[in-house]
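Inside the fold
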Amino acid sequence: MSGEEEENAAELKIGDEFLKAKCLMNCEVALILEHKYEQLQQMSEDPMNQVSQVFEKSLQYVKRFSRYKNPDAVRQVREILSRYQLAEFELCVLGNLCPETVEEAIAMVPSIKTKGRAHDDEAIEKMLNDLSLIKKFE
């Protein structure tokens, strides 16, 4: 992205390095940190010696704000959202915030309605319905 062009997430103008970056939803980070926490507990006689306060607070945060707890549900959420050719950050915002209506989804991620993209209201509605089914049966 040139220095003259202003960044604007609503139009997916976020810089090449960010567009190419792999983003994780809170629920994915929670699974990773929980696994690391278990490893640290197994390696140490006193597990609290191995866990920093930052690690502990980060784990608490992502667990608190994770919409999906079950590892299979987490995988399904990413699979469903990946079908819609979303940018990584769009996928993560929708997976983290779980909008219930098309209007909420567009307000949270305006770039999903940008000209030239195949996300009409029906496609967005289907995506949200698929996500709500996962949450319902988790």
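Our structure is the block above this text.
About the cut-offs
Residues numbered from 1 in each chain as written. Predicted model: local features only at pLDDT ≥ 70, side-chain atom pairs only at ≥ 80, totals over all residues. Heavy atoms only, no water. Helix = DSSP H or I, 4+ residues; strand = E, 2+ residues; numbered from the N terminus. Buried < 20%, exposed > 50% of the residue type's maximum accessible area, 1.4 Å probe, protein only. Contact = heavy atoms within 4.5 Å. Phe/Tyr/Trp six-rings, centres within 6.5 Å; stacked < 30°, edge-to-face > 60°. Salt bridge = Lys/Arg side-chain N within 4 Å of Asp/Glu carboxyl O. Patch = residues over 30% accessible without salt bridge, like charges linked within 9 Å, V, L, I, M, F, W, Y side chains within 5 Å. Areas by Shrake-Rupley, 256 points an atom, 1.4 Å probe, with all protein chains shown as cover. Lys, Arg positive; Asp, Glu negative; His and termini not counted. Charge placed at Lys NZ, Arg CZ, Asp CG, Glu CD. Expected span 1.5 Å × (residues − 1).

A few words now on the overall build of the protein. Helix and strand counts for the protein come out as eight helices and zero strands. Secondary structure elements of the protein, listed N to C terminal, follow the sequence α-α-α-α-α-α-α-α. Classification of the 138 residues of the protein by burial places 36% in the buried group. Across the protein, the fraction of contacts at a sequence separation of at least 24, relative to all contacts at a separation of at least 6, is 61%.

The next subject is the packing of aromatic side chains. Within the structure shown, the criterion is met by two aromatic pairs. For the pair tyrosine 37 and phenylalanine 55, a centre-to-centre distance of 6.4 Å together with 15 degrees between the ring planes defines the contact as stacked. In this pair, tyrosine 37 is assigned in helix α2 (residues 26-43) and phenylalanine 55 in helix α4 (residues 53-65), connecting sequence segments 18 residues apart. Summarising the burial analysis for this pair, tyrosine 37 and phenylalanine 55 share the class buried. The interplanar angle of 45 degrees and the centroid separation of 4.8 Å between the aromatic rings of tyrosine 61 and phenylalanine 65 together place this pair among those described as tilted. With tyrosine 61 and phenylalanine 65 both in helix α4 and four residues apart, the pair spans about one turn of that helix.

In this section: the pattern of salt bridges. Evaluation of the coordinates by the stated rule reveals nine salt bridges. The residue lysine 63 makes a salt bridge to glutamate 34 at a minimum N-O spacing of 3.6 Å. With lysine 63 in helix α4 and glutamate 34 in helix α2, this pair connects stretches of sequence that are 29 residues apart. On the basis of relative accessible area, lysine 63 is assigned to the partly exposed category, the value being 41%. Among the charged side chains, a salt-bridge network with shared partners connects Lys22, Glu28, Arg78 and Glu88.

A cluster of acidic residues, Glu6, Glu7, Asp16 and Glu17, forms a negative patch at the surface. If you trace the backbone, aspartate 16 turns up in helix α1 (residues 16-20). Exposure remark for aspartate 16: the relative accessible area of 40% places this residue in the partly exposed category.

Bringing the side chain of aspartate 130 into the picture now. Checked against the element boundaries, aspartate 130 lands in helix α8 (residues 121-137). Here aspartate 130 is in contact with Ile80, Arg83 and Tyr84, once residues within four sequence places are set aside.

The end-to-end C-alpha separation of α2 is 26 Å, in line with the 26 Å expected for 18 residues at 1.5 Å each. Along α2, the residues that are buried comprise Asn26, Cys27, Glu28, Ala30, Leu33, Tyr37 and Leu40.

Another point: unusual backbone geometry. The backbone of glutamine 85 sits at a positive phi, close to 50 degrees, despite the residue not being glycine. Residue position: glutamine 85 is located in the loop between α5 (71-82) and α6 (88-97). A positive phi angle, close to 50 degrees, is found at cysteine 98, a residue other than glycine. If you trace the backbone, cysteine 98 turns up in the loop between α6 and α7 (102-108).

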